[in-house]
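The lines below spell out each chain.
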Amino acid sequence: MTSSAFDIAILGAGPVGRVLALMLARVAPDPARIALLAGSAPAPVTPAAAVPAADPRVLAMNHGSRVLLESLHAWPERSADIRNIHVSQRGRLGRTLIQNTDFGVPQLGSVVAYSGLYAKLDECVAACGVSVLAGPPAQIGMQDADGVRIQQGDTEILCGVAVQSDGAGATDVRRDYDQHAVLTTAHATLPRRGWAWERFTSEGPLALLPHPQTPDAYSVVWCSAPDRAAELAALDNVAFSHALTQAFGDRLGRLTSHAPRHVFPLALSARRAQVHGRVAAIGNAAQTLHPVAGQGLNLGLRDAARLAQTLTGWLARPGANPGPALAEFASARHLDRFITAGLTDFMPRIFATGLAPVEHACGAALLGMDLASPMRAPLAQHLLQGFRA
Ligand SMILES: Cc1cc2nc3c(=O)[nH]c(=O)nc-3n(C[C@H](O)[C@H](O)[C@H](O)COP(=O)(O)OP(=O)(O)OC[C@H]3O[C@@H](n4cnc5c(N)ncnc54)[C@H](O)[C@@H]3O)c2cc1C
């Protein structure tokens, strides 16, 4: 058994844990006293192709996340801009259009590949001076006035603050949507560069995002009941392309897809308290959201940014009680988490009630938002940057 001591240990080296490590490395008197516990051997540093490319996700990053990642020199080489977001409802009137010009920003957001972001963050973390500890999955143990004990294989780690960013363990609030997301790529006969589409259907939301690696292609996230998702995933390319065009409509002409399809189960799970003693949870470990409107990682990055900011003062005196700083963090994050989780929980359910009056009301709301920019602004502002305390 070996043991080591750190000021902060970050358990889980996904995108949120990595961004926190980069931010803390900038403000820590000694970055080596920040430990990043990777659940398995660290992925090789560049090239992108050597990174776990198995994850097929593309991620819509909002303007605020892009500014944050660029400030850390962690923005991936390839991305596709979103300048217009078109939100509509299949089979009902009403739509709303959110445009970058309404907010005076160059783009509302950008789409990156999960694998591309992972590779870039990996490269940055390797150069930032934090201690990356590869090994078997780590486990948080007892905490007392001396700190928190973490077990990683045969190694015991003592730290002043432990951050859980392992994407797991949020079980206080749970909703199973009984929906799975089918992910793939499609080409359109009438592509519109810089446009993203969110279409609510009675089966679930269907999103088409500009693809970061293939210009004129769209990344498709199609949510539906598990049986239907399995059926869609099993269709041949012609039948799938036809079903996709039917569900999406003709705004982009005819859609064709020859790419592999991947299926992700969808659920909401969240912790009520983000802090427990000296342990703070961020990213998916604090809340896992429905992917509608692409908010999960954006919210997780805001968790990481706020935690780094609140721990900066404590890092200068790591022998002190971190309780007040962590309490301030939890309080500052409460409203943003509540609103974002609420929005992403409400949207897929309200548009899929199957009740005509409710669906007409949703259509009217979209139409109202389209006509009245003061109504549209708060939604777009939140999707752009999230709530700032
Ligand atoms: C279909 C789909 C589409 C999405 N689209 C978007 C989008 O457009 N925009 C957006 O913002 N979000 C989107 N999301 C959400 C986004 O993918 C997640 O919010 C984000 O990946 C969470 O990052 P994380 O670092 O918190 O957790 P994770 O990505 O889950 O990373 C956790 C890491 O911790 C490691 N780990 C686990 N257990 C341990 C342990 N015991 N010890 C050490 N390490 C451990 C894991 O191996 C992993 O590397 C989407 C999600 C899905 C499913």
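Criteria and thresholds
- Residues numbered from 1 in each chain as written.
- Predicted model: local features only at pLDDT ≥ 70, side-chain atom pairs only at ≥ 80, totals over all residues.
- Heavy atoms only, no water.
- Helix = DSSP H or I, 4+ residues; strand = E, 2+ residues; numbered from the N terminus.
- Buried < 20%, exposed > 50% of the residue type's maximum accessible area, 1.4 Å probe, protein only.
- Contact = heavy atoms within 4.5 Å.
- Areas by Shrake-Rupley, 256 points an atom, 1.4 Å probe, with all protein chains shown as cover.
- Near = heavy atom within 4 Å.
- Polar contact = N/O pair within 3.5 Å; in protein donor to acceptor, adjacent residues only side chain to side chain.
- Core = buried A, V, L, I, M, F, W, Y, C linked by side-chain atoms within 4.5 Å.
- Phe/Tyr/Trp six-rings, centres within 6.5 Å; stacked < 30°, edge-to-face > 60°.
- Lys NZ or Arg CZ within 6 Å of the ring centre and 35° of its normal.
- Pairing = 2+ DSSP bridges.
- Axes fitted to C-alpha atoms, helices over the stretch in contact; angles between N-to-C directions.
- pLDDT = per-residue confidence, 0-100.
- Salt bridge = Lys/Arg side-chain N within 4 Å of Asp/Glu carboxyl O.

1. Observations regarding the overall build of the protein
Helix and strand content of the protein: nine helices and 20 strands. Looking at the protein residue by residue over its 389 residues, the buried ones come to 52%. For the protein, the share of sequence-separated contacts (at least 6 apart) that also reach a separation of at least 24 residues comes to 76%. On the protein, roughly 16500 Å² of surface is accessible, and the fraction owed to carbon and sulfur atoms is 57%.

2. Observations concerning the environment of His73
Structurally, His73 can be placed in the loop between helix H2 (63-71) and strand E4 (80-82). The exposure class assigned to His73 is exposed, which follows from its relative accessible area of 58%.

3. Section: the site of the ligand
Residues in contact with the ligand amount to 29 residues; listed here are only the nearest, Arg57, Ala60, Ala138, Asn284 and Leu297. Between the ligand and Arg57, the relevant distance is 2.6 Å, taken from an oxygen atom to a side-chain nitrogen or oxygen of the residue. Calculation on the ligand without its partners gives an accessible area of 1000 Å², and the protein chains cover 82% of this total. Elements with a minimum of two residues in the shell around the ligand: helix H1 (15-27), strand E3 (58-62) and helix H6 (296-316). Tallying contributions element by element places E3 first for the shell around the ligand, with four residues.

4. A look at the nonpolar core
Counting residues in hydrophobic clusters, the biggest one holds 46 residues, and the most contacted among them are Ile8, Ile10, Val19, Leu20, Leu69 and Leu307. Once residues lying within four places of it in the same chain are set aside, the contact partners of Ile8 are Leu24, Arg33, Ile34, Ala35, Cys159, Val161, Val163, Leu311, Trp314 and Leu315.

5. Details of the packing of aromatic side chains
Inspection of every chain in the model, using the stated rule, returns four aromatic pairs. With centroids separated by 5.3 Å and ring planes inclined at 25°, the aromatic side chains of Trp195 and Trp197 adopt a geometry described as stacked. Overall, Trp195 belongs to the buried group, its relative accessible area being 14%. Clustering of aromatic rings is evident, with ring pairs tying together Trp195, Trp197 and Phe248. Here the guanidinium or amino end of Arg18 rests over the ring plane of Tyr118, the centre of that ring lying 4.6 Å away. Its end group placed over the ring of Trp195, Arg192 keeps NZ or CZ at 3.9 Å from the ring centre.

6. Focus on the sheet that holds E3
With respect to topology, three strands assemble into an open sheet ordered E3-E7-E4, the strand pairing being antiparallel. Two strands close off the open sheet at either side, each with one partner strand: E3 and E4. Neighbour-to-neighbour, the strand axes of the sheet open up by a mean angle of 30°, direction not taken into account. Looking at chain direction, E4 and strand E7 (residues 109-113) are connected through three bridges and run antiparallel. Paired with Asp81 across the strands is Ser110, a residue of E7. Its contacts with the sheet place H2 against E3, E4 and E7, and it is angled at close to 95° to E3. On the sheet, helix H3 (residues 114-128) packs against E3 and E7 and is oriented at approximately 85° with respect to E7.

7. Details of the pairing of E7
Burial of E7 is extensive: five of the five residues sit out of reach of the surface. Pairing geometry for E3 and E7, over five bridges, is antiparallel. In the strand pairing of E7, Val58 is matched with Ala113.

8. Overview of the side chain of Lys120
Within the element layout of this structure, Lys120 appears in helix H3. Among the residues examined, Lys120 registers a relative accessible area of 13% and is labelled buried. In contact with Lys120, other than residues within four places in its own chain, are His73, Ala74, Trp75, Pro76 and Glu77.

9. Things to note about the confidence of the model for the protein
Looking at the protein, the pLDDT average stands at 86 and 83% of residues meet or exceed 70. Here residues 41-53 scores under 50 on pLDDT; set against residues more than four positions off or in separate chains, the count is 20 contacts.

10. Observations concerning the pattern of salt bridges
Side-chain pairs of opposite charge can arise where the charged atoms are in close proximity. Taken as a whole, this structure holds 15 salt bridges when the rule is applied. Two residues, Asp7 and Arg33, come together in a salt bridge whose shortest N-O distance is 3.0 Å. You can see Asp7 sitting in strand E1 (residues 2-11) and its partner Arg33 sitting in the loop between H1 and strand E2 (34-38), a full 26 residues away along the chain. By relative accessible area, which is 31% here, Arg33 ends up partly exposed. One salt bridge in this structure joins Arg193 and Asp216, with 3.6 Å as the shortest N-O distance.

11. Details of the side chain of Thr310
Along the chain, the position of Thr310 falls in helix H6. For Thr310, a relative accessible area of 10% gives the class buried. Residues contacting Thr310, with those up to four places away along its chain left out, are Ala325, Glu328 and Phe329.

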